[in-house]
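The lines below spell out each chain.
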Amino acid sequence: IGGLIQYNQKLDWFGTVRGRVGLATGPVLTYVTAGYAYGNVHTGVTEGGVLSSVGGGRSGWTWGSGVEAALGGNWTGKIEYLWVDLGNTNDGLAFAGQSLRSELRENIFRVGLNYRIGGNSVYTPVAAANWAGFYLGGNLGSGTGRDRSALTDVGAGTTAAFNTSPDGINGGVQAGYNWQAGNWVYGLETDI
């Protein structure tokens, strides 16, 4: 559209608030999770040396699954996958008659370490470990996505559609609470 254009988009940070349901088998908890996602996205379009920037808070939803294992004492380790969908936006640009439509969808792969406060991972070969209680932890991982975007110039009657493939390293903290009924574990978790 009208010459050389540079486009960049950055997910500055994101967080989730999710429910978890899992099955404990000895010292291992296998779970599925889903809930609310939110984040801060900045997009910049440079045309002819002029930068137009849009962005701010976005919200959407997330789902995923993971495996968490008792490591000893009150410590657990987990491996988790999350699909994060922060929706679509249509933003007007500083360039007259131009608008930008973008989607933000991310695949997040991460490992984490949690400390259960007041719990313990003592188990017998027949019974499941005790997963009930409050926990705090940290996580580290990577993310990748395929975000569809379209830049429209109403005056010229043109639209340029393209995909970006963002990737990067992420890290954060999480906190949650689990309830346990036999081998079934139910919980709430939030992270940023």
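So, a few notes on the structure that sits alongside this text. Since the model is a prediction, treat every value here as computed from it, not as a measurement.

Description of the pattern of salt bridges
Next up, step 1: Summed over all chains, the structure comprises 12 salt bridges.
Next up, step 2: We note a salt bridge from Arg18 to Glu80, for which the minimum N-O separation is 3.3 Å. Taken together, the positions of Arg18 in strand E1 (residues 5–25) and Glu80 in strand E4 (residues 75–92) put the pair 62 residues apart, joining distant regions of the chain.
Next up, step 3: Linking Glu80 and Arg110 is a salt bridge whose minimum nitrogen-to-oxygen distance equals 3.0 Å. Separated by 30 residues along the polypeptide, Glu80 in strand E4 and Arg110 in strand E5 (residues 98–117) bring together distant segments of the chain.

A short note on the environment of Trp63
Next up, step 1: Following the sequence through the fold, Trp63 ends up in strand E3 (residues 50–72).
Next up, step 2: In this view, Trp63 contacts Thr33, Ala34, Tyr81, Leu82 and Trp83; residues no more than four positions away in its chain are not counted.

Quick look at the pairing of strand E9 (residues 167–181)
Next up, step 1: Here 12 bridges tie strand E6 (residues 133–145) to E9, and the two strands are oriented antiparallel to one another. Considered in E9, the bridge of Gly133 is made with Asn178.
Next up, step 2: Where E9 folds back onto strand E10 (residues 184–191) in an antiparallel hairpin, the turn is made up of 2 residues, including Gly182, whose phi is positive at roughly 65 degrees.

Overview of the packing of aromatic side chains
Next up, step 1: Counted by the stated rule, this structure contains 6 aromatic pairs.
Next up, step 2: For the pair Tyr36 and Tyr38, a centre-to-centre distance of 5.8 Å together with 25 degrees between the ring planes defines the contact as stacked.
Next up, step 3: Plain terms: the ring middles of Tyr81 and Phe109 are 5.2 Å apart, the flat faces sit at 45 degrees to each other, and that makes the pair tilted. With Tyr81 in strand E4 and Phe109 in strand E5, the pair connects residues that are 28 residues apart, well separated along the chain.
Next up, step 4: Residue Phe109 is classed as partly exposed on the basis of its relative accessible area of 40%.

Observations concerning the nonpolar core
Next up, step 1: Formed by Phe14, Ala37, Val41, Leu82, Val84, Leu86, Leu104 and Ile108, the largest nonpolar core amounts to 8 residues.
Next up, step 2: No other element matches the 3 residues that E4 contributes to this core.
Next up, step 3: With residues near it in sequence (within four places) discarded, Val84 still touches Phe14, Ala37, Trp61, Thr62, Leu104, Arg105, Glu106 and Ile108.

Definitions and limits used
Residues numbered from 1 in each chain as written. Predicted model: local features only at pLDDT ≥ 70, side-chain atom pairs only at ≥ 80, totals over all residues. Heavy atoms only, no water. Salt bridge = Lys/Arg side-chain N within 4 Å of Asp/Glu carboxyl O. Helix = DSSP H or I, 4+ residues; strand = E, 2+ residues; numbered from the N terminus. Contact = heavy atoms within 4.5 Å. Pairing = 2+ DSSP bridges. Phe/Tyr/Trp six-rings, centres within 6.5 Å; stacked < 30°, edge-to-face > 60°. Buried < 20%, exposed > 50% of the residue type's maximum accessible area, 1.4 Å probe, protein only. Core = buried A, V, L, I, M, F, W, Y, C linked by side-chain atoms within 4.5 Å.

By themselves these figures say nothing about function.
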